Amino acid sequence: MTQSPAVRTFGRSGPVRIGERAARTLVSELARINDPKAALLVGATPESAVLAAAIEALLPGDTLTLVPADSTSSAALREHVTAQGRWVADRVRVVDTLAEAEPAAVVVAGEPLTGTADETRAAVEGLTKYLADGAVLSVATTATPGRTAGAAAELDRQGALYGVGVDLVLRNTPPLRVYRLRYTPADAASAARLAPAYRPSSVPLTRGMHIDSNGVAAAGIALGLAAVARATRPKSKLWLLPALAAAPVAAFFRDPERDVPEDPSAVVASADGRVLSVQRLHDERFGEGEWLRIAVFLSVLDVHVNRAPVAGKVVDYFVADGGFANAMKPAAEHNVAAYTVLDTARGTVVVAQRTGLIARRIVQRAPIGALLARGERFGLIRFGSRTDVYLPADAAEPLVGPGDKVVGGASVIARWR
């Protein structure tokens, strides 16, 4: 069987294993679309974790087309699909070559790209021909330097131009970087039909509690400092300080699962904390007209993962310079802040991640062009801080007041009129 050049570049540097966690990351865009859709998986094998994850993500109205990898035959793939039962066999179709496939809402490369920059570019171009309008291409390459430097450089370039998300999956051998690329604009209204995306940046502790990767790194640094202190000064007890700090530092970055309200008129809190103010104001940076701003203060004991208050498309992101005043004080209006601007079916919505007295680092993971579901994680602020949500004043009615305690992604802070 002769494959297209877009498929032959996979695995050029030798086999690369894709584990369950990386597979779920690759098919995350398929899993989050609630509407009936068509998906295309290129480079499938019967034993592939990506194929298993794609089948698991299928909903009753979905279809999935499979293009076999070089290492397998279409007959073997059809036999595997048939063995999964009637429900799967009715929704999954196997073709002999990529040329037989139809355009899809999600296209997934089932094997990492490991060729040169030119080979990777050719592979991506070959797959983009099968993207429907607003569709997403999900591809991966190894995150280790050296043998796949060409592929990584080309995907970084593609990501800078067309990326709507990138995830580093460390719990894979070797570690992988997964890119989600969109080459034609997506309708902002389609975000309302999405579920929050799967995020491998959070490390699961229990079924309902995760730790953000920033917390894992911070705890690792603390334990490393403890090990160095004990090795260099074995008679001192100073090593206990960073060792004991590791657990609370990791706990600061806890990332619990949340039940997001299904009411389409609900606006949810962007962060855990206490409402500081609810006011109407003008801000020409976001457009003419009056805005309803709901400001929430996050203490060091609150969860600091930030979530989208509404479903929408990221159309702008900028950082305003400033100071680091106490987030509860009026002077915090002039603190360093990162603004994520969303285009929604109800108008423009803005989320401001504002630093505080202790907070000095803002993490924002939603690039321009990304679609965010209501309640979806998009970033975090390290240590005490404040999060402001700006809504069109004439289109939204506030449901909270100063002093109210809110839970990010779960508490309804306003409702669309």
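Residues numbered from 1 in each chain as written. Predicted model: local features only at pLDDT ≥ 70, side-chain atom pairs only at ≥ 80, totals over all residues. Heavy atoms only, no water.

Within the structure shown, the criterion is met by 7 aromatic pairs. Between Phe286 and Tyr390 the ring centres are 5.1 Å apart and the planes differ by 65 degrees, which places this aromatic pair in the edge-to-face class. Here Phe286, found in the loop between strand S12 (273–282) and strand S13 (290–298), pairs with Tyr390, found in strand S21 (residues 385–392); they are 104 residues apart in sequence, far enough to count as distant. Of the two residues, Phe286 and Tyr390, neither departs from the other in class, the shared state being buried. Through pairs of rings, three or more aromatic residues link up here, namely Phe286, Trp291, Phe318, Tyr339 and Tyr390. (Phe/Tyr/Trp six-rings, centres within 6.5 Å; stacked < 30°, edge-to-face > 60°. Helix = DSSP H or I, 4+ residues; strand = E, 2+ residues; numbered from the N terminus. Buried < 20%, exposed > 50% of the residue type's maximum accessible area, 1.4 Å probe, protein only.)

A few words now on helix H4 (residues 49–57). All of the buried residues in H4 are Val50, Leu51, Ala53, Ala54, Ile55 and Ala57. Backbone nitrogen of Val50 and a side-chain oxygen of the N-cap are separated by 3.0 Å at the start of H4; the cap is Ser48. (Polar contact = N/O pair within 3.5 Å; in protein donor to acceptor, adjacent residues only side chain to side chain.)

The sheet built from 3 strands is open, its strands ordered S8-S9-S10 with antiparallel pairing. In this open sheet, the two strands that pair with only one neighbour each are strand S8 (202–204) and strand S10 (254–256). Between one strand axis and the next, the sheet turns through 40 degrees on average, direction left out of account. Relative to strand S9 (residues 209–212), S8 runs antiparallel, the two sharing 3 bridges. Bridge pairing links Val203 to Ile211 in S9. Of the strands in this sheet, S8 and S9 are in contact with helix H9 (residues 213–232), which crosses S9 at around 65 degrees. (Pairing = 2+ DSSP bridges. Axes fitted to C-alpha atoms, helices over the stretch in contact; angles between N-to-C directions. Contact = heavy atoms within 4.5 Å.)

Now for the domain arrangement of the chain. Looking at the assigned domains, one finds that the chain contains domain 1 (20–184), domain 2 (209–254) and domain 3 (264–416). Computed from C-alpha coordinates alone, the two centres of domain 2 and domain 3 are separated by 31 Å. Listed by partner, the interface residues are 6 residues for domain 2 and 12 residues for domain 3. For the interface between domain 2 and domain 3, the tally reads 1 salt bridge. Note that Arg365 and Asp212 form a salt bridge whose closest N and O atoms lie 2.8 Å from each other. Counting the contacts that link domain 2 with domain 3 gives 3 residue pairs in polar contact (both at pLDDT 80 or more). (Domains from an automatic or database assignment. Salt bridge = Lys/Arg side-chain N within 4 Å of Asp/Glu carboxyl O.)

The method is simple in principle: a probe with the dimensions of a water molecule rolls over the atoms, and the space it marks as empty is what remains. Applying the stated criterion to the full structure yields 3 cavities of 30 Å³ or more. Counted as a void, the largest cavity has a volume near 90 Å³. Forming the boundary of the largest cavity are 13 residues, of which Arg32, Val164, Arg180, Ala370 and Leu371 lie nearest the centre. Going through the elements one at a time, helix H3 (28–32) and strand S19 (371–372) are the ones with two or more residues in the lining of the largest cavity. A class-by-class count of the residues in the lining of the largest cavity yields 6 nonpolar, no polar and 7 charged. There are two domains that each give the lining of the largest cavity at least three residues, and those are domain 1 (20–184) and domain 3 (264–416). Considered as a void within the structure, the second largest cavity measures approximately 60 Å³ in volume. Lining of the second largest cavity is provided by Arg199, Ser201, Ser202, Asp212, Asp255, Val305, Arg365, Arg377, Phe378 and Gly379. In terms of residue count, the dominant contributor to the lining of the second largest cavity is strand S20 (residues 377–381) (3 residues). (1 Å grid on protein atoms, 1.4 Å probe; cavity = no way out; pocket = protein on both sides within 12 Å on 5 of 7 lines; lining within 4 Å. Points joined across faces, edges and corners; volume = space filled by probe spheres on them. Nonpolar A, V, L, I, M, F, W, Y, C, P; charged D, E, K, R; others polar.)

This part covers helix H8 (residues 149–162). Taking 1.5 Å as the rise per residue, H8 with 14 residues should run 20 Å; its terminal C-alpha atoms sit 20 Å apart, in good agreement. On the buried face of H8, the contacting elements are helix H7 (117–128), strand S5 (131–142), strand S6 (163–169) and strand S7 (176–181). (Expected span 1.5 Å × (residues − 1).)

Strand S4 (residues 104–109) sits mainly inside the fold: 5 of its 6 residues count as buried. For strand S1 (residues 38–44) and S4, the ladder comprises 4 bridges, and the chain directions are parallel. If you follow Val42 over to S4, its bridge partner there is Ala109. Of the strand pairs in this sheet, S4 and S5 are connected by 4 bridges, and their pairing is parallel. Counterpart to Val107 in the pairing with S5 is Leu137. The parallel pair S4 and S5 is bridged by H7, and the resulting crossover is right-handed. (Right-handed = clockwise from strand over helix to strand, strands pointing away.)

Another point: the environment of Arg377. Assignment of secondary structure puts Arg377 in strand S20. Under the relative-accessibility criterion, Arg377 is labelled buried at 13%. In this structure the C-alpha to C-alpha distance between Arg377 and Pro196, which are 181 residues apart in sequence, comes to 7.4 Å. What Arg377 contacts, discounting residues up to four positions off in sequence, is Arg199, Ser202, Asp255, Pro256, Glu257, Val305, Asn306 and Arg307. At 2.7 Å, the side chain of Arg377 and the side chain of Asp255 are in polar contact. At 3.3 Å, the side chain of Arg377 forms a polar contact with the side chain of Glu257.

With that settled, the discussion passes to the nonpolar core. Of all hydrophobic cores here, the largest spans 37 residues; its most connected members are Ile18, Leu26, Leu41, Val50, Leu64, Leu66 and Val92. Ranked by the residues each element gives to this core, the list is headed by H4, at 6 residues. Each of two domains, domain 1 (20–184) and domain 3 (264–416), supplies a minimum of three residues to this core. Apart from the residues lying within four places of it in its own chain, the contact partners of Val92 are Leu58, Leu64, Leu66 and Val81. One finds Ala269, Val310, Phe378 and Val406 within the second-largest nonpolar core, a separate group that totals 28 residues. (Core = buried A, V, L, I, M, F, W, Y, C linked by side-chain atoms within 4.5 Å.)

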